[in-house]
Number of protein chains: 2
Amino acid sequence: MKNNVIVGQSGGPTAVINCSLAGVFSTAVANPKMGKVLGMRNGVQGLLERRVIDMGEHLRRDIDVEVLKRTPSSFLGSCRYKLPNPEQNEDVFAKLFGILDELDVGYFFYIGGNDSMDTIMKLCAYGEKIGSNIRFIGVPKTIDNDLAVTDSSPGFGSAAKYVATTTKELILDAQVYNNGAVTIVEAMGRNTGWLAAAASLAKGTDSPGPDLIFLPEIAFNMDDFLDKVSVLAQSHSPTIVVSEGIKLADGRYISELGRDNVTSDAFGHIQLTGTAAYLAAQVRSKLGAKTRAIEFSIMQRCAAHIQSASDAAGAFAVGSHAVRAAADGETNRVIIINRLNSTPYAFETCAMEIVKMANIEKTVPLDWITSTKDYVTGDYIDYAKPLIQGEVAPFYVDGTPRHIRTAK
Amino acid sequence: MKNNVIVGQSGGPTAVINCSLAGVFSTAVANPKMGKVLGMRNGVQGLLERRVIDMGEHLRRDIDVEVLKRTPSSFLGSCRYKLPNPEQNEDVFAKLFGILDELDVGYFFYIGGNDSMDTIMKLCAYGEKIGSNIRFIGVPKTIDNDLAVTDSSPGFGSAAKYVATTTKELILDAQVYNNGAVTIVEAMGRNTGWLAAAASLAKGTDSPGPDLIFLPEIAFNMDDFLDKVSVLAQSHSPTIVVSEGIKLADGRYISELGRDNVTSDAFGHIQLTGTAAYLAAQVRSKLGAKTRAIEFSIMQRCAAHIQSASDAAGAFAVGSHAVRAAADGETNRVIIINRLNSTPYAFETCAMEIVKMANIEKTVPLDWITSTKDYVTGDYIDYAKPLIQGEVAPFYVDGTPRHIRTAK
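Here's the deal with the sheet that holds strand 7 (residues 212–214) of chain A
All names here are of chain A.
Line of reasoning, step 1. Strand order in the open sheet formed by 4 strands is 7-8-6-9, with parallel pairing between adjacent strands. Of all strands in the sheet, those with a lone pairing partner are strand 7 and strand 9 (291–295), marking the two edges. With strand direction ignored, the average angle separating the axes of adjacent strands in the sheet is 15 degrees.
Line of reasoning, step 2. Contacts between helix 7 (residues 156–174) and the sheet are confined to strand 6 (182–187), strand 8 (239–243) and strand 9, with strand 9 contributing the most and set at about 165 degrees to the helix.
Line of reasoning, step 3. Packing against the sheet, helix 9 (residues 222–235) makes contact with strand 6, strand 7 and strand 8, and its axis sits at approximately 160 degrees to strand 7.

Printed below as a string of C-alpha cells:
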C-alpha cells in the first residue's frame, strides 16, 4: 500500500500556519504506518509541476521543528490556484493523481482556508470516482476567522494578539500630545470584522481601548462617523479601528472611494488607496483635525514573535489530528476546534465533514455589535479573549528571532 | 536649599523613553539630598501651565517602576514647544523660573532630542543670568539615532530591533507566492538613515535580509532604483527598505512628489510619509510588477513589547546618571553613552557639555554605505548589532502587555 504523506499550504500565511505543518510532520513521522513526509512547494500548483521536497531533510532534529513552529509565512510557499470542476477539466486531476501515484502518496493534507477545503472536496470526489485509496484531510487556517463550524480558525488568535497589543501601544502613543489628533487604524478583514474587533481586547484597567471600531458586517455611515469623531476629538486624541472591508450602504467599499481619487489625480493622492487613509483624509478636510492613518498591513499575519500560545497549540493540534484521522481511515474531512471552556481556555479537535466548511463564510454575529454600530459587545470579548492567551518565547539569536529558511 | 526634582519628556516617544524616566525617578528617590520627584505634563509647555504631578503618587511600589519601564509612549506626555531666545522674550523664562521657584525645584531633567537640548541650554543661560541655583541636565532619546557625541541615542536600539525583526518576518512572507512581487518598506528617518539601515540586521544564516536599502544620506536616483528592482523581480520577490526622508539630487523629498500639501510642525519639520507608497506606484506603473508598500509608522517607536535589553539598559542608565551628575553639582550637561566594547556589548555613561549635542545632527558615515549606494557595509552592522541584543520580557496580563496609564 502507498504510505507516503504529502502536505501543502495554500492561501495567505498566518503567524502559526507552520505550527500546523509541524503538527502534521511530527505526528506522521511518529506513525509507523506512514512513510516519508513530502511537502509540495506552492501548494497544488507546485505539485502539478512536481516541485516536492522531503520534509525530513529539512527537519532533522527536534529543535528544527520548534524553530519551524516559530517561523512566520508558509514554509512550503503558497498558491492561490483554484482547481477546476472535475467535470469541466479531468486532465488536471488525472495529472495530479498520476504524480501522487508516482510519489507513493497514501495521505494528503492541505492547510488552508475556504478555497483549500474546496480543493480537498474536489480531489476526494475525483479520487472516489477512480477508486483511489488516498485519504484527503483539510487543516484550517486563516487570520480572518471566517471559517464555519470550527470555534476559531487557527491563525486568528495570533493576529488578534498582534492587533490588541499594537492597538494598546498606539493608543498610548496617540495621547502624548494634547492636540485632539485622530488616529485611524486599519486591520485586515474583507467581509468579516473578527480581526478589527480584536482591538477591543486592548481595553482593560491600564488602557481605555480604542474609541470606535467599525466592522464590515454593518453598513458604514460617513456622516455618523464624522459626527462621532468630531465629538471625541474635543476631549482627547481618539483612536479608531476599522476593517479594510467596511462599505457604504450602497455596497461601495470605503477603499474604493480612495482609489477613485487616485485615478482622477495620479500624483496627488497616492496614500488614499487604503480605508484608513481615506477616512483620515475625510477627517482632515471635513473636521480640520490632525490625523494619522496606520495600516497593520502584512505585520498582522506575520508577527510570529508575538504568537498566541493558545492559537499555536490549536494550530499544531489540528495538524496532528489530521494525521491521526487519516491513519484511522478517514477522508474528505476537515479538523475543527471545539471549545470546551473559556476561562481557563480548553479545546478539543474533531474531524468534520468538509462540506460543512468549504465555501461558507462566518461573519461576526450582529448581536455582538453594539446598537450604536461602533463597537463590539461583551459577548465578542468573552469569545475572543481566550484565543490571545499565553505567549510562545521566540528563539532569539543575535537580537532577532531565529527562523527556518523557506524550502527551495 | 530648594531640593525638589522635576522631570519632563519632549519630542517623539521611543519604546524606552520611560526607562529613562524610571532611571531619573529611582535614582532621585534614593538620594537623601533630593525631595519630591515632580513630573511636568507635556514638557515645558505643561510646566508653563503649572500642570505638574507628584511621580511618587503614581509609582508607589517597585513593580510600578518595572511596569513603567515596559510602557511605550511618554508617561508624562510630550510637547513640541520651542522656547524663544531669552533676548527676544524674557517673559516666558521669568514665568518658568517663577513656577520652578514655587515648586521648590533644585534639579531639572529633560528627556528629549536635539530640540530638548536646546531648551536645556536656554534655561541654563537664563538661570545663570538671574543667579539661579537650579541644575539642568539633558537626557538624550530618539529613535533616529542622530544625536552627536553619544555612541547611540537611547530609543534607537529598540526601534532597530523592531525594524530588523519585522523586516525579517516580512521578507519570509513576501516569498510565499512565486510571483516577483516587490515589497517596499518605509522606516522613519527624516535626514538620517540609521533606522532604515537597521533592516540589514535581518540578514543572517536564516534570512537573506532585504535586497536594497536606501538612505537619505545619498541622493536617490529613480532610474537606477527602477533598473535594480526590475532585475531583482526577475528572480524572486524582492524586499526594499527606504528611509521616509530619501530625496532626489535636486533636494525634493520622494514623499513630496506624491502630495499636494506639505505640512510642517512647530520646528519647521516637514511631515514625511508616503515614500514607500509613491515608489510602489512607480514600480507598478513603470515595471508592471505587483507591489506592496508597508509603513512601519508609529509601531517602530512604540513597540515596547520588543524592547532591546541593551537599549533599555542604556536608557535607564542615562536617566540615572543625570540625577547623580546634578547631585554632584553639574549643570548644563547631557548624559551620553560611551561604548567600551562591542562583543559583548559594554558601555559607560558620561556627563558632557550640552553645547556639543544641541542642534547638531549625526548622519550615517558615507563610508558605511556601499559604493552601489543601496546598502550598508559591515561597519554599520558591527556598530548597530550590539544595540539590538537582549530581550526584556513584557509583563503579559490577560494576553496583552501590562502598561502604566499615562498620568492625567
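Okay, back to it.
Here's the deal with helix 11 (residues 275–287) of chain B
Residues and elements named next belong to chain B.
Line of reasoning, step 1. Under the 1.5 Å per step criterion, the end-to-end length of helix 11 is 18 Å for 13 residues, consistent within 8% with the ideal 18 Å.
Line of reasoning, step 2. For helix 11, the set of buried residues is Thr275, Ala276, Ala277, Tyr278, Leu279, Ala280, Ala281, Gln282 and Val283.
Line of reasoning, step 3. Tucked into the core, helix 11 has its buried residues touching strand 6 (182–187), helix 9 (222–235), strand 8 (239–243), helix 10 (254–257) and strand 9 (291–295).

A look at the packing of aromatic side chains
Line of reasoning, step 1. The tally for this structure, following the rule as stated, stands at 30 aromatic pairs over all chains.
Line of reasoning, step 2. Seen from their ring centres, B:Trp194 and B:Trp368 are 6.0 Å apart, and the 90 degrees between their planes marks the pair as edge-to-face. Note that B:Trp194 is positioned in helix 8 (residues 194–197) and B:Trp368 in the loop between strand 11 (346–353) and helix 14 (378–384), a separation of 174 residues in sequence. For the residue pair B:Trp194 and B:Trp368, the accessibility class agrees, reading buried in each case.
Line of reasoning, step 3. Among the residues examined, B:Trp368 registers a relative accessible area of 18% and is labelled buried.
Line of reasoning, step 4. Here the aromatic cluster, defined as three or more aromatic residues joined through ring pairs, consists of A:Phe93, A:Phe97, A:Phe108, A:Tyr110, A:Tyr126 and A:Phe136.
Line of reasoning, step 5. Residue placement shows A:Arg190 over the ring face of A:Tyr253; its charged tip is 4.2 Å from the ring centre.
Line of reasoning, step 6. Above the ring of B:Phe316, the side-chain terminus of B:Lys69 is found at 4.9 Å from the ring centroid.

So, the pattern of salt bridges
Residues and elements named next belong to chain B.
Line of reasoning, step 1. One pass over the structure, following the stated rule, counts 44 salt bridges over all chains.
Line of reasoning, step 2. Arg51 is paired through a salt bridge with Glu49; the nearest N and O atoms lie 2.9 Å apart.
Line of reasoning, step 3. The partly exposed category is assigned to Arg51, whose relative accessible area is 27%.
Line of reasoning, step 4. For Glu330, the salt bridge identified is with Arg333, shortest N-O distance 3.3 Å.
Line of reasoning, step 5. Glu330 sits in the partly exposed class, given a relative accessible area of 27%.

Each value, and the rule that gives it
- Residues numbered from 1 in each chain as written.
- Chains lettered and ligands numbered in written order.
- Predicted model: local features only at pLDDT ≥ 70, side-chain atom pairs only at ≥ 80, totals over all residues.
- Heavy atoms only, no water.
- Pairing = 2+ DSSP bridges.
- Helix = DSSP H or I, 4+ residues; strand = E, 2+ residues; numbered from the N terminus.
- Axes fitted to C-alpha atoms, helices over the stretch in contact; angles between N-to-C directions.
- Contact = heavy atoms within 4.5 Å.
- Expected span 1.5 Å × (residues − 1).
- Buried < 20%, exposed > 50% of the residue type's maximum accessible area, 1.4 Å probe, protein only.
- Phe/Tyr/Trp six-rings, centres within 6.5 Å; stacked < 30°, edge-to-face > 60°.
- Lys NZ or Arg CZ within 6 Å of the ring centre and 35° of its normal.
- Salt bridge = Lys/Arg side-chain N within 4 Å of Asp/Glu carboxyl O.

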